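Results of the structural survey
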Amino acid sequence: RRVLFRSPIDSIDVTFTTVMPSLTHDFGSETTFDGQQIRFTGPVARTHPAMGVFTLADCAVRAADGLIVCAGNRWVWPTSWFSEKPEDIRHTSRAFRTASWSSRRVKGRVLTLATEYAQRNYGHFLLDSLGRLAILEAARIDPTSFDAIIVNGPDTAWKRRLLARFGLPLSGIVWTDGADI
């Protein structure tokens, strides 16, 4: 596997507003939850990063996965899957490798709810994409104040129902549908 679009976050012009500080925990390889023994299939991260809102300028949302890349192909990895060793994160999907800056452009203030695996997976859409709304609420940012909201395509009835239920204006939704934005 190849590492693509990797760069240190401090090389990108970014503002981060923290709404929840980082946490450290020690689950070990086994733990008890609700009286049941749980065994993890892989190593469990001992830290959880701070949660908050990134403010970026002149960036692209790459393909359907919602990967954010700024000028010079600098990938904003903290907006992606968490890893205690970011250098180990790898993205090899064809759409990500072939993404280009000549994509659709969205002007104004834009919110992205697009995240990996949320295209057709209800759980990832509900927890990863719509879960970002709780972070906005904690930061006291109204999601309806954005000019556009980028959401993983395809455009489906169940996604529209959930977005409407959270009070998001459906007219402002920009569906990724596998294309860069």
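Rules behind the numbers
Residues numbered from 1 in each chain as written. Predicted model: local features only at pLDDT ≥ 70, side-chain atom pairs only at ≥ 80, totals over all residues. Heavy atoms only, no water. Phe/Tyr/Trp six-rings, centres within 6.5 Å; stacked < 30°, edge-to-face > 60°. Helix = DSSP H or I, 4+ residues; strand = E, 2+ residues; numbered from the N terminus. Buried < 20%, exposed > 50% of the residue type's maximum accessible area, 1.4 Å probe, protein only. Lys NZ or Arg CZ within 6 Å of the ring centre and 35° of its normal. Core = buried A, V, L, I, M, F, W, Y, C linked by side-chain atoms within 4.5 Å. Contact = heavy atoms within 4.5 Å. Pairing = 2+ DSSP bridges.

For the rest of this paragraph, the subject is the packing of aromatic side chains. The geometry of an aromatic ring pair is captured by two quantities: the separation of the ring centres and the angle between the planes. Enumeration over the complete set of coordinates arrives at three aromatic pairs. With a centroid separation of 4.7 Å and 50° between ring planes, the pair formed by Phe16 and Phe54 is classed as tilted. Placement of Phe16 in strand 1 (residues 14-20) and of Phe54 in strand 6 (residues 51-56) is noted, with a sequence separation of 38 residues between them. Relative to Trp158, the ring of Tyr122 has its centre 5.4 Å away and its plane inclined at 50°; by these criteria the two rings are tilted. Taken together, the residues span a long stretch of sequence, with Tyr122 in helix 2 (residues 122-129) and Trp158 in helix 4 (residues 157-165) at a distance of 36 residues. When its relative accessible area of 23% is taken as the criterion, Trp158 is described as partly exposed. Following the ring pairs from residue to residue traces out a cluster consisting of Tyr122, Phe125 and Trp158. The cationic tip of Arg109 hangs over the ring face of Phe146; the distance from NZ or CZ to the ring centre is 4.2 Å.

Below, the discussion takes up the nonpolar core. Core analysis: the largest hydrophobic core is formed by 17 residues, its most contacted members being Leu113, Phe125, Leu130, Ile149, Val151 and Leu163. With three residues, the single largest contributor to this core is helix 3 (residues 132-138). Sequence-distant contacts of Leu113, that is, excluding residues within four places in its chain, are made with Ser129, Leu130, Arg132, Leu133, Ile149, Ile150, Val151, Asn152, Leu163 and Leu168. Judged by nonpolar contacts, the second largest core, of five residues, contains Val61, Ala114, Ala148 and Val174.

With that settled, the discussion passes to the sheet that holds strand 7 (residues 59-62). Taken together, the three strands give an open sheet; going across it, the order is 7-8-9, and neighbouring strands pair in antiparallel fashion. Across the chains shown, the open sheet's two edge strands, defined by having one partner strand only, are strand 7 and strand 9 (74-75). Pairing between strand 7 and strand 8 (residues 67-70): four bridges, direction antiparallel. Considered in strand 8, the bridge of Arg62 is made with Leu67.

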